[in-house]
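Spelled out, the chains give:
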Amino acid sequence: MIKAIIFNAGNVIVGFDLLRICRPLARYSSMESDEIFHTIFVNDFLQGYEKGHVQTRAFYEMVKESISANSLLTFDLFCSIWQNIFTPNPIIKTILNRLRPELTLVILSNANELHWDYVARLPVIKNFFPDEKKVVLSFRQGFRKPENESPCAKSAGYPEEVL
């Protein structure tokens with residue numbers, strides 16, 4: 001019998017669009033948004049930050065340097081741009097409300113600190129995933145899925161009881 005359900009945060013609980021980072025960053029760089037996308041997201045530039053090996057301020061400096069951003073891209077502006085990628089998933093609340101109340105709900109996500117700081121404040125997270133022990137995030141665990149599933153298994157229960 002299923003006792004737990006594991007959800008991904010990105011494009012399941014909330015939608016996201018990485019180009020919503022690249023387009024605004026292009027205003028502060030000599031690079032086009034597609035070049036910025038390639039630099040940050042295609043070349044695994046982000047991995048260290050998503051694994052929690054790079055702190056947010058250092059990541060900002062790395063991004064700023066890698067896209068040759070001008071001095072107008074402040075840390076606060078960068079944080080605002082970096083977090084402005086999420087959109088609500090209109091049906092997830094309905095789905096979550098229909099689940100049996102005794103089910104354990106777990107989030108497993110390749111999230112970085114800035115993204116999770118924003119997502120954690122959303123009502124859908126606060127209402128359905130209030131137990132931090134049931135939120136398994138790459139930047140806290142030091143791994144990205146699917147590199148290591150053991151922390152998730154510990155959070156959710158026995159594999160045969162997890163969906």
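Residue positions are counted from 1 within each chain, in the order its sequence is given. In keeping with the model being predicted, local features are shown solely for residues with a pLDDT of at least 70 and side-chain atom pairs are shown and tallied solely at 80 or more, while totals for entire chains, interfaces and linings include all residues. Only hydrogens and water are set aside when side-chain values are computed; all heavy atoms of the structure are taken into account.

Strand order across the open sheet formed by three strands is 1-4-5, with parallel pairing between neighbours. Every interior strand has two partners, whereas the edge strands, strand 1 (4-7) and strand 5 (135-137), have only one. Strand-to-strand twist in this sheet, taken as the mean axis angle between neighbours without regard to direction, amounts to 15°. Here strand 4 (residues 104-109) runs beside strand 5; their pairing, made up of three bridges, is parallel. Strands were regarded as paired on the criterion that DSSP finds at least two bridges between them. In this text, helices come from DSSP runs of H or I with a minimum length of four residues, and strands from runs of E with a minimum of two, each type numbered from the N-terminal end. The axes are straight lines fitted to the C-alpha atoms, using for helices just the contacting stretch, and the angles between their N-to-C directions are given from 0 to 180°.

Let us now look at helix 4 (residues 56-66). Accessible area is worked out with a 1.4 Å probe on protein chains only. A residue is then buried under 20% of its type maximum, exposed over 50%, and partly exposed in between. Taken together, the buried positions of helix 4 are occupied by Thr56, Phe59, Tyr60, Val63 and Lys64. Relative to the axis of helix 4, the buried residues are bounded by an arc of 135° and lie together on one face. Ser68, located one to two residues past helix 4, shows a positive phi value of around 50°. Comment: arc refers to directions from the helix axis out to C-beta atoms.

What follows is about the pattern of salt bridges. By convention in these notes, a salt bridge is any Lys or Arg side-chain nitrogen within 4 Å of a carboxyl oxygen on Asp or Glu. Tallied over the entire structure, the rule returns four salt bridges. Across the salt bridge formed by Arg144 and Glu50, the nearest N and O atoms sit 2.9 Å from each other. In this pair, Arg144 sits in the loop between helix 9 (138-141) and helix 10 (150-156) while Glu50 sits in helix 3 (residues 47-50), placing the two residues 94 residues apart along the sequence. Considered together, Arg144 and Glu50 belong to a single accessibility category, that of buried residues.

Turning next to the packing of aromatic side chains. A pair of Phe, Tyr and Trp rings is counted when the ring centres sit within 6.5 Å of each other, with Trp represented by its six-membered ring. The angle between the planes then sorts it: under 30 degrees is stacked, over 60 is edge-to-face, the rest tilted. A full pass over the atoms with the stated rule returns 11 aromatic pairs. Summarising the aromatic geometry, the rings of Tyr60 and Phe75 are spaced 5.4 Å apart at their centres and angled 75° between planes, so their arrangement reads as edge-to-face. Here Phe75 lies in helix 5 (residues 75-83) and Tyr60 lies in helix 4, a separation of 15 residues in the sequence. For the pair Tyr60 and Phe75, a shared accessibility class is recorded, and that class is buried. Here the aromatic rings of Phe86 and Tyr118 are separated by 5.6 Å at their centres, their planes lie at 10°, and the arrangement is stacked. One end of the pair, Phe86, is in strand 3 (residues 86-88); the other, Tyr118, is in helix 7 (residues 113-119), with 32 residues separating them in the sequence. Grouping aromatic residues by their ring pairs yields a cluster made of Phe37, Phe41, Phe45, Tyr49, Phe59, Tyr60, Phe75, Phe78 and Trp82. Two conditions define a charge located above a ring, namely a distance within 6 Å from the ring centre to NZ of Lys or CZ of Arg, and an angle within 35 degrees of the ring normal. Positioned over the ring face of Phe75 is Arg57, at 3.8 Å from the centre of the ring.

The next subject is the packing of helix 1 (residues 19-26) against helix 5. Packing of helix 1 against helix 5 leaves a shortest axis separation of 8 Å and a crossing angle of 145°. Along its contact with helix 1, which presents Arg20, Ile21, Pro24 and Leu25, the element helix 5 presents Phe78, Ile81 and Trp82. Here the term charged refers only to Asp, Glu, Lys and Arg, the term nonpolar to Ala, Val, Leu, Ile, Met, Phe, Trp, Tyr, Cys and Pro, and the term polar to all other amino acids, Gly among them. Each residue belonging to the contact of helix 1 with helix 5 can be placed in one class, and the counts come to six nonpolar, no polar and one charged. The contact rule is simple, with two residues in contact once any of their heavy atoms fall within 4.5 Å.

Counting 47 residues, the largest nonpolar core has Leu25, Phe78, Trp82, Trp116, Ile125 and Phe129 as the members making the most contacts within it. Setting aside its immediate chain neighbours within four residues, Leu25 contacts Ile36, Ile40, Val63, Ile67, Leu73, Phe78 and Ile81. Within this scheme, the nonpolar core is defined by two criteria: the residues are buried Ala, Val, Leu, Ile, Met, Phe, Trp, Tyr or Cys, and they are joined through side-chain atoms within 4.5 Å.

Take the packing of helix 1 against helix 2 (residues 33-42) next. Here helix 1 crosses helix 2 at 120°, and the two axes come no closer than 8 Å. If you check the angle between helix 1 and helix 2, you find them oblique. Viewed along their axes, helix 1 and helix 2 form a crossing whose handedness is right-handed. The segment helix 1 lies against helix 2, with Leu19, Ile21, Cys22, Arg23, Leu25 and Ala26 engaging Ser33, Ile36, Phe37, Ile40 and Phe41. A class-by-class count of the residues in the contact of helix 1 with helix 2 yields nine nonpolar, one polar and one charged. Comment on the angle field: the value is read as roughly parallel under 35 degrees, roughly antiparallel over 145, roughly perpendicular from 65 to 115, and oblique elsewhere. In this scheme the crossing of two helices becomes right-handed for a clockwise turn of the near helix relative to the far one and left-handed for an anticlockwise turn of less than a right angle.

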